[in-house]
Amino acid sequence: MFYTDNFIRDKKLLKELQDEKLWKRFCGPTFHWWDGWWASKPRNVLEFIIENVWKHYGLAGKVAGFEYWTNTYPPGNDMDWHQDKDEAKFKVYREVIRPTLGMVYWPNIKDLKGGYLDVEVNKKVERIEPKSNRLVVFNTGEPHKVTKVISGYRRTFLCNPWKTKPMTFKKANNVDGDFDPVSAPVWEVPGHL
């Protein structure tokens, strides 16, 4: 596991990531797919961040691309222990395919109590406090959870690189989180079923 504070130093970029319009656009249970900077230029600020995080890991051409999404947790919300996986493959075939790495980024944390990221590493739980402009990279295939938010709001940008494109994105590069993995894309992708 790795984390760094003050990840983004460009004040204009940081301000854009903290803008309400961005969160309204990407907020909710929608998951997105991007083939990566070697296949196409970033289409939005989140893909720009993905490129700037993952290019340092030498992933160009070694992964199929990136799944990404945002979460906003108001007071009272949490997420139980889980491991990231191809949700559609699991739902249809009960097969578990996991990414090996993932990232969590908190652009702006205000008045937050609770909402910690707990990650189980070698049978020990590591607790990471959400802080503004903090980036965390870890194995999202390992058990992890979000503790209950007591007060404030916890906004998070998340991304997993995948060696093969998940079945979740078989028909579309943007899907709703409460989706039928076989027939309900949010936006059709030209050339796909």
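Note that this is a predicted model, so its numbers are computed, not measured. (Residues numbered from 1 in each chain as written. Predicted model: local features only at pLDDT ≥ 70, side-chain atom pairs only at ≥ 80, totals over all residues. Heavy atoms only, no water.)

K.L.:
Describe the overall build of the protein chain, with residues and values.
P.N.:
Looking only at helices and strands, the protein chain features four helices and 13 strands. Within the protein chain, the proportion of its 193 residues that are buried is 45%. Counting contacts in the protein chain only where the partners sit at least 6 residues apart, residues at least 24 apart contribute 74% of the total. Carbon and sulfur atoms provide 50% of the accessible area of the protein chain, an area that totals close to 10600 Å². (Helix = DSSP H or I, 4+ residues; strand = E, 2+ residues; numbered from the N terminus. Buried < 20%, exposed > 50% of the residue type's maximum accessible area, 1.4 Å probe, protein only. Contact = heavy atoms within 4.5 Å. Areas by Shrake-Rupley, 256 points an atom, 1.4 Å probe, with all protein chains shown as cover.)

K.L.:
Can you explain unusual backbone geometry? Please cite residues and give values.
P.N.:
With glycine set apart, most residues show a phi of negative sign, and most peptide bonds adopt trans. Phi at Asn122 is positive, roughly 50°, even though this residue is not glycine. Relative to the helices and strands, Asn122 is located in the loop between β7 (117-121) and β8 (124-128). Using a relative accessible area of 72% as the deciding quantity, one classes Asn122 as exposed. One non-glycine residue, Asn133, lies in the positive phi region at around 65°. One can find Asn133 in the loop between β8 and β9 (134-138). Taking relative accessible area as the criterion, Asn133 reaches 6% and is therefore assigned buried.

K.L.:
Could you give an account of the nonpolar core, naming the residues involved and the relevant values?
P.N.:
Counting 25 residues, the largest nonpolar core has Leu17, Trp54, Phe66 and Met103 as its most contacted members. Elements supplying a minimum of two residues to this core: α1 (11-17), α2 (20-26), α3 (45-54), β3 (65-73), β5 (102-106), β9 and β11 (149-162). Ranked by the residues each element gives to this core, the list is headed by α3, at six residues. Beyond its immediate stretch of four places on either side in the chain, Met103 contacts Ile49, Val53, Trp54, Leu135, Val136, Val137, Phe157, Leu158, Cys159 and Asn160. (Core = buried A, V, L, I, M, F, W, Y, C linked by side-chain atoms within 4.5 Å.)

K.L.:
Account for α3, naming residues and giving values.
P.N.:
In an α-helix, one full turn covers 3.6 residues, which means residues spaced three or four apart are oriented alike. Counted residue by residue, α3 has eight buried out of ten residues, so it is predominantly covered. Burial in α3 covers these residues: Val45, Leu46, Glu47, Ile49, Ile50, Glu51, Val53 and Trp54. Looking at where α3 begins, the residue whose side-chain oxygen comes 3.0 Å from the main-chain nitrogen of Leu46 is Asn44. (Polar contact = N/O pair within 3.5 Å; in protein donor to acceptor, adjacent residues only side chain to side chain.)

K.L.:
Account for the layout of surface pockets, with residues named and values stated.
P.N.:
Of the voids in this model, the second largest pocket is the one considered here, and its volume is about 170 Å³. Elements supplying a minimum of two residues to the lining of the second largest pocket: α2 and β11. Of the residues assigned to the lining of the second largest pocket, the class counts are four nonpolar, two polar and three charged. (1 Å grid on protein atoms, 1.4 Å probe; cavity = no way out; pocket = protein on both sides within 12 Å on 5 of 7 lines; lining within 4 Å. Points joined across faces, edges and corners; volume = space filled by probe spheres on them. Nonpolar A, V, L, I, M, F, W, Y, C, P; charged D, E, K, R; others polar.)

K.L.:
Give me the sheet that holds strand β10 (residues 144-146): which residues, what numbers.
P.N.:
Taken in spatial order, the four strands make up an open sheet running β4-β10-β7-β8, and their pairing is antiparallel. Every other strand in the sheet has two partners, leaving β4 (79-82) and β8 as the edge strands with one partner each. Strand after strand, the sheet turns through a mean of 15° between neighbouring axes, direction not considered. When β4 meets β10, the two strands line up antiparallel, connected through two bridges. What sits directly across from His82, in β10, is His144. (Pairing = 2+ DSSP bridges. Axes fitted to C-alpha atoms, helices over the stretch in contact; angles between N-to-C directions.)

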